Every structure is written in structure tokens, then in C-alpha cells.
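Single-letter residue listing:
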Amino acid sequence: MPILFAIVVTDLIGFGIVHPAAAVLRPAFRRQPLVVTLLMSTYSLFQLFVAPLWGGLSDRHGRRRSCSSVSAGSVAGYLWLGFADTLWMLFAARAVQGACAGNIAAAQAYVADMTTPENRAKAWV
């Protein structure tokens, strides 16, 4: 269970990682606030569309395999975000991070699989 908690916390940190950096990103790329807003929302948009796909893959191929492969993709997205030096790279890195944030649902399904129905409400990640 601690590993699942770490996976979910990593995804939630990934969602908010751009918020403190927005003050630095805006002048650095000489962009309007709308561009920074779109950069922040790219994560959620990709998570919205890709999470059901990850859920289906985790049902077919197993929760553990799904969570580990998605976590590897998240690491790639974080590294890409850290080394991005153009605006399109920032957007692409946020898209990869959002697409790899679908493992929150897989982690919750894993918890539901491992607990009894009586204890399920207490065990949610």
C-alpha cells in the first residue's frame, strides 16, 4: 500500500508542479497569462481522455504492470519538463504527464481488489 500511496502522491504533485513555476515561466517565455493557463490545463485535459484507456489496460493486463509502466512514463514527462527550453516542449511534457496520470484510477482499483468489501471505504487511496 505505501507504493500505491507514493504513486498517487506523485501524480498529484505533478498536477500542481507548474503552479509555483508559473511566475517564472511567463516572463521567461514572454507569453500572455492565457498561454500559462493553457499549459496548466493541458495536464488535466490529457488525464481526462487517457485515464479510461489506462483503466481498460489495467483490467486486461494487471494493475501492477499498468501502474509501473505509467509511472515510468511520468518520470519521462517530469524529466522532459525539467529540460524543456521551448514552449512546445513544455506543452508536450505536460501532455505526457497528464496522459500518464491515469494510474490514480488503476491504484484505486488495485486497492479495491485487495480489500474486503467491509473495509473498502477505509482503504481508499
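Above this text sits the structure in question.
Just so you know, the residues in each chain are numbered from 1, in the order the chain's sequence is written. Per-residue local features of the predicted model are confined to residues with pLDDT of at least 70, and side-chain atom pairs are confined, for both listing and counting, to 80 or more; whole-chain, interface and lining totals are unaffected and use all residues. Heavy atoms throughout the structure, all of them, feed into the side-chain values; hydrogens and water do not.

Colleague: Explain the overall build of the protein chain to me, please; I cannot follow it from the model alone.
Modeller: The secondary structure content of the protein chain amounts to 6 helices and 0 strands. Along the protein chain, helices and strands appear, N-terminal first, in the series α-α-α-α-α-α. In terms of overall dimensions, the protein chain has C-alpha extents of about 55 × 25 × 20 Å along its principal axes. Relative accessibility under 20% of the residue-type maximum defines a buried residue, over 50% an exposed one, and the middle range a partly exposed one, all with a 1.4 Å probe and only protein chains included. Taken across its 125 residues, the protein chain has 37% of its residues classed as buried. Across the protein chain, every contact between residues at least 6 apart in sequence was considered, and the portion connecting residues at least 24 apart equals 67%. Side chains of the protein chain carry 10 positive and 5 negative charges; the gap between the two charge centres is 8 Å. Put simply, DSSP H or I for four residues or longer makes a helix, DSSP E for two residues or longer makes a strand, and each gets a number counted from the N terminus. Note on contacts: a residue pair qualifies if any of its non-hydrogen atoms lie within 4.5 Å across the two residues. Residues scored as positive are Lys and Arg, those scored as negative are Asp and Glu, and His as well as the terminal groups of each chain are ignored. Positions of charges follow a simple convention, taking NZ of Lys, CZ of Arg, CG of Asp or CD of Glu.

Colleague: What is the right way to look at the side chain of S74 in this model?
Modeller: Assignment of secondary structure puts S74 in helix 4 (residues 63–83). Those residues in contact with S74, other than ones at most four positions away along the chain, are D11 and C100.

Colleague: Can you walk me through the packing of helix 1 (residues 2–16) against helix 4 in this structure?
Modeller: Any two packed helices are characterised by how steeply their axes cross, that is the angle between the axes, and by the distance between the axes. Only the stretch in contact is used when fitting a helix axis, every axis being a line fitted to C-alpha atoms; angles between N-to-C directions are given from 0 to 180 degrees. One can describe the packing of helix 1 onto helix 4 by two numbers: an axis separation of 11 Å at closest approach and a directional angle of 30°. Of the possible angle classes, the one that applies to helix 1 and helix 4 is roughly parallel. Of the two elements, helix 1 crosses helix 4, and the hand of that crossing is left-handed. For the pair helix 1 and helix 4, the contacting residues are I7, T10, D11 and G14 in the first and C67, S71, S74 and Y78 in the second. Here the word oblique covers every angle except those under 35 degrees (roughly parallel), over 145 (roughly antiparallel) and from 65 to 115 (roughly perpendicular). Two helices that cross are described as forming a left-handed crossing if the nearer one is turned anticlockwise from the farther one by less than a right angle, and a right-handed crossing if clockwise.

Colleague: When you look at the packing of aromatic side chains in this model, what are you seeing that I'm missing?
Modeller: Aromatic ring pairs are described here by two measures, namely the spacing of the ring centres and the angle between the planes. Classification of ring pairs uses Phe, Tyr and Trp, with its six-membered ring standing for Trp, and accepts pairs whose centres are within 6.5 Å; under 30 degrees between planes counts as stacked, over 60 as edge-to-face, and the remaining range as tilted. With the rule as written, the count across this model stands at 1 aromatic pair. With 6.4 Å between their ring centres and 80° between their planes, W80 and W88 make a pair best called edge-to-face. Since its relative accessible area comes to 58%, W88 is described here as exposed.

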